[in-house]
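Now for the letters of each chain:
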Amino acid sequence: MRSGLPTAIVLTLVLGSLSSCGGDDDAGSDAGAPFDAGTDASGAGTDAGRDAGDDAGHDAGDDSGTDAGHDAGTDAGWDAGPDYDGGEDAGLIRGCPSYPDPVATVGEDIGGHTFLTWASPMFFEIYCNRCHSETLVTPEARMYAPAGLDFDVWTSVRREIPRIRFDVGVSNFMPTSAPLPTCAERYELLRWIDSGAPL
């Protein structure tokens, strides 16, 4: 009989502790709910303050200054080019529109531009031949431009027309250093190329 008494006491203690543990968990959960609500409310206030402050500052500062300057400067430069369509709708790469599709048709009148009268003296000579010239024989003098890509030689230009078009008017990768052509000058070179690159 004495051995059964401790068992009853043990069972009572175990059952009591289990129910009190459950009670503590529920109490903790209930206590946690208002805490979570407070955190969420605080977070909402912080986010609202951030949205009201930072976004307002961003809109007042960056948009009015940078975008206005962009619209006044760059867009004006784009519009300066003859028949310069596309603008921002064409997508900007390195600050200029990218034109993967032709911007002129073969044989189209492009204002009399030829290799000899415009492309060579007004584009290649100014922007390309400091690296791509047959007069430059060492890699250092060519700024490591590949040998044979000489844009002061008509046959080389003619052979490399697809590469030139991509580098100047699609990726806008070339030239890699100043002086750089304007967006309108890049577009004019594409018109010359797409019209058939007349000599």
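Just so we're clear, the structure is a prediction, and the values are computed from it rather than from any experiment.

## Structural notes on the overall build of the chain
Along its length, the chain carries five helices and two strands. Helices and strands appear in the chain in the N-to-C order α-β-β-α-α-α-α. Per-residue burial for the chain yields a buried fraction of 30% across its 199 residues. For the chain, the proportion of contacts with a sequence separation of at least 24, taken over those separated by at least 6, is 60%. Just so you have it, the chain exposes about 11900 Å², and 62% of that area is on carbon and sulfur atoms.

## Observations regarding the environment of Leu 189
Its location among the elements puts Leu 189 in helix H5 (residues 183-194). The buried category is assigned to Leu 189, whose relative accessible area is 0%. On a C-alpha basis, the gap between Leu 189 and Phe 115 in space is 9.9 Å, while along the polypeptide they are 74 residues apart. Setting aside residues up to four positions removed in sequence, Leu 189 forms contacts with Trp 118, Ala 119, Phe 123, Phe 124, Ile 164 and Val 168.

## Notes on the nonpolar core
Counting 18 residues, the largest nonpolar core has Phe 123, Phe 124, Val 157, Ile 164, Leu 189 and Trp 192 as its most contacted members. Taken together, the elements giving at least two residues each to this core come down to helix H2 (115-128), helix H4 (161-169) and H5. Here the element with the most residues in this core is H2; it accounts for seven residues.

## Digging into the side chain of Asp 150
If you trace the backbone, Asp 150 turns up in the loop between H2 and helix H3 (154-159). Classification of Asp 150 as buried rests on a relative accessible area of 11%. With residues near it in sequence (within four places) discarded, Asp 150 still touches His 132, Ser 133, Glu 134, Arg 142, Ser 156 and Val 157.

## A look at the state of the cysteines
For the structure shown, the criterion picks out one disulfide. With a sulfur-sulfur separation of 2.0 Å, Cys 96 is cross-linked through a disulfide to Cys 183. Across the S-S bond of Cys 96 and Cys 183 the torsion is about -85 degrees, and the bridge reads as left-handed. In this pair, Cys 96 sits in strand S2 (residues 96-97) while Cys 183 sits in helix H5, placing the two residues 87 residues apart along the sequence. We note that Cys 96, like Cys 183, is buried. Between Cys 128, a cysteine without a disulfide, and Cys 131, which holds the nearest cysteine sulfur, the sulfur-to-sulfur distance is 8.7 Å. Exposure remark for Cys 131: the relative accessible area of 15% places this residue in the buried category.

## Here we look at the packing of aromatic side chains
Enumeration over the complete set of coordinates arrives at ten aromatic pairs. A ring pair is formed by Phe 115 and Phe 124, whose centres lie 6.1 Å apart and whose planes are at 45 degrees; its orientation type is tilted. Taken as a pair, Phe 115 and Phe 124 share a single burial class, namely buried. Residue class for Phe 115 comes out buried when judged on its relative accessible area of 4%. In this structure an aromatic cluster arises from ring pairing among Phe 115, Trp 118, Phe 123, Phe 124, Tyr 127, Phe 151, Trp 154 and Trp 192.

## Regarding the pattern of salt bridges
Here the idea is simple: oppositely charged side chains can pair when their charged atoms come close. With the rule as written, the count across this model stands at six salt bridges. The salt bridge partner of Asp 150 is Arg 142, with a shortest N-O separation of 2.8 Å. For the pair formed by Asp 150 and Arg 142, the shared burial category is buried. We note a salt bridge from Arg 165 to Asp 194, for which the minimum N-O separation is 2.8 Å. Residue Arg 165 is located in helix H4, and its partner Asp 194 is located in helix H5; the two are separated by 29 residues in the primary sequence. With respect to class, Arg 165 is no different from Asp 194; both count as buried. Overlapping salt bridges bring together Glu 108, Glu 188 and Arg 191 as one network.

What counts, and where the lines are drawn
Residues numbered from 1 in each chain as written. Predicted model: local features only at pLDDT ≥ 70, side-chain atom pairs only at ≥ 80, totals over all residues. Heavy atoms only, no water. Helix = DSSP H or I, 4+ residues; strand = E, 2+ residues; numbered from the N terminus. Buried < 20%, exposed > 50% of the residue type's maximum accessible area, 1.4 Å probe, protein only. Contact = heavy atoms within 4.5 Å. Areas by Shrake-Rupley, 256 points an atom, 1.4 Å probe, with all protein chains shown as cover. Core = buried A, V, L, I, M, F, W, Y, C linked by side-chain atoms within 4.5 Å. Disulfide = S-S within 2.5 Å. Phe/Tyr/Trp six-rings, centres within 6.5 Å; stacked < 30°, edge-to-face > 60°. Salt bridge = Lys/Arg side-chain N within 4 Å of Asp/Glu carboxyl O.

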